[in-house]
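Commentary on secondary and tertiary structure
Chain residues, written in single-letter form:
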Amino acid sequence: QVQLVESGGGLVQPGGSLRLSCAVSGNIFSIYRMYWYRQAPGKQRELVAEITTDGSTNYADSVKGRFTISRDNAKNTAYLQMTSLKPEDTAVYYCNAALTLPPYQCWGQGTQVTVSS
């Protein structure tokens, strides 16, 4: 069983920065890809960033150049470093893992990010 716990969300002003963390526990060897998603009220869930076990990354056009996804394998933690934040970035951010074993994917509970002056 894999468990994901997000942290680091909060209220920031436009132009500010936040670093979200996703602590991973359980059968970590079943993970082959990790993702950050976000969803704002009334909007569809959006894939923000992904990273593979060997470090390959991909980003949504809306955050490219501003957000960075990374992993610290020694700490069993994935991160989303967010800079130059905009009000449009306001959403609940979710960590997700793609697994090689059932249930084949795992979601965290989410952390709220609010960008407002």
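Once that is clear, we can look at the pairing of strand β5 (residues 46-52). Of all seven residues in β5, five are buried; the element is thus mostly enclosed. Alignment of strand β4 (residues 31-39) against β5, held across six bridges, turns out to be antiparallel. Bridge pairing links Tyr35 to Glu50 in β5. The turn linking β4 back onto β5 is made up of six residues, and Gly42 within it adopts a positive phi angle of 80 degrees.

Let's shift gears to the side chain of Ser21. Its place among the elements puts Ser21 in strand β3 (residues 18-26). The class for Ser21 is buried, based on a relative accessible area of 16%. Excluding anything up to four places from it in sequence, Ser21 contacts Val5, Glu6, Ser7, Trp36, Thr77, Ala78 and Tyr79.

Look at any regular strand and the pattern is simple: side chains alternate between the two faces of the sheet. Here strand β1 (residues 2-7) runs beside β3; their pairing, made up of six bridges, is antiparallel. Within β3, the position partnered with Leu4 by the bridge is Val24. Bridge analysis of β3 against strand β8 (residues 77-82) gives six bridges, and the strand direction is antiparallel. What sits directly across from Leu20, in β8, is Leu80.

The next point concerns the environment of Asn96. Relative to the assigned elements, Asn96 resides in strand β9 (residues 91-99). Given the relative accessible area of 3%, Asn96 is considered buried. In the structure, Asn96 is positioned 64 residues away from Tyr32 in sequence and 11 Å away in space, judged by C-alpha atoms. Those residues in contact with Asn96, other than ones at most four positions away along the chain, are Leu4, Arg33, Met34, Tyr35, Tyr37, Gln105, Cys106 and Trp107. Here Cys106 takes part through its backbone oxygen, which lies 3.3 Å from a polar atom of the side chain of Asn96.

All chains considered together, the criterion is met by four salt bridges. Here Arg38 makes a salt bridge to Glu46, at a shortest N to O gap of 2.8 Å. Assessed through its relative accessible area of 26%, Glu46 is described here as partly exposed. Measuring nitrogen to oxygen at the nearest pair gives 3.4 Å for the salt bridge that ties Asp61 to Lys64. Each member of the salt-bridge network shares a partner with another, and the members are Arg38, Glu46, Arg66 and Asp89.

Attention now goes to the state of the cysteines. With the rule as written, the count across this model stands at one disulfide. Disulfide partner of Cys22: Cys95, at an S-S distance of 2.2 Å. Judged by the sign of its S-S torsion, about -85 degrees, the cystine formed by Cys22 and Cys95 is left-handed. Taken together, the positions of Cys22 in strand β3 and Cys95 in strand β9 put the pair 73 residues apart, joining distant regions of the chain. We note that Cys22, like Cys95, is buried. Its sulfur unpaired, Cys106 is 8.4 Å from the next cysteine sulfur, which belongs to Cys95. Residue class for Cys106 comes out buried when judged on its relative accessible area of 12%.

Rules of the game
Residues numbered from 1 in each chain as written. Predicted model: local features only at pLDDT ≥ 70, side-chain atom pairs only at ≥ 80, totals over all residues. Heavy atoms only, no water. Buried < 20%, exposed > 50% of the residue type's maximum accessible area, 1.4 Å probe, protein only. Helix = DSSP H or I, 4+ residues; strand = E, 2+ residues; numbered from the N terminus. Pairing = 2+ DSSP bridges. Contact = heavy atoms within 4.5 Å. Polar contact = N/O pair within 3.5 Å; in protein donor to acceptor, adjacent residues only side chain to side chain. Salt bridge = Lys/Arg side-chain N within 4 Å of Asp/Glu carboxyl O. Disulfide = S-S within 2.5 Å.

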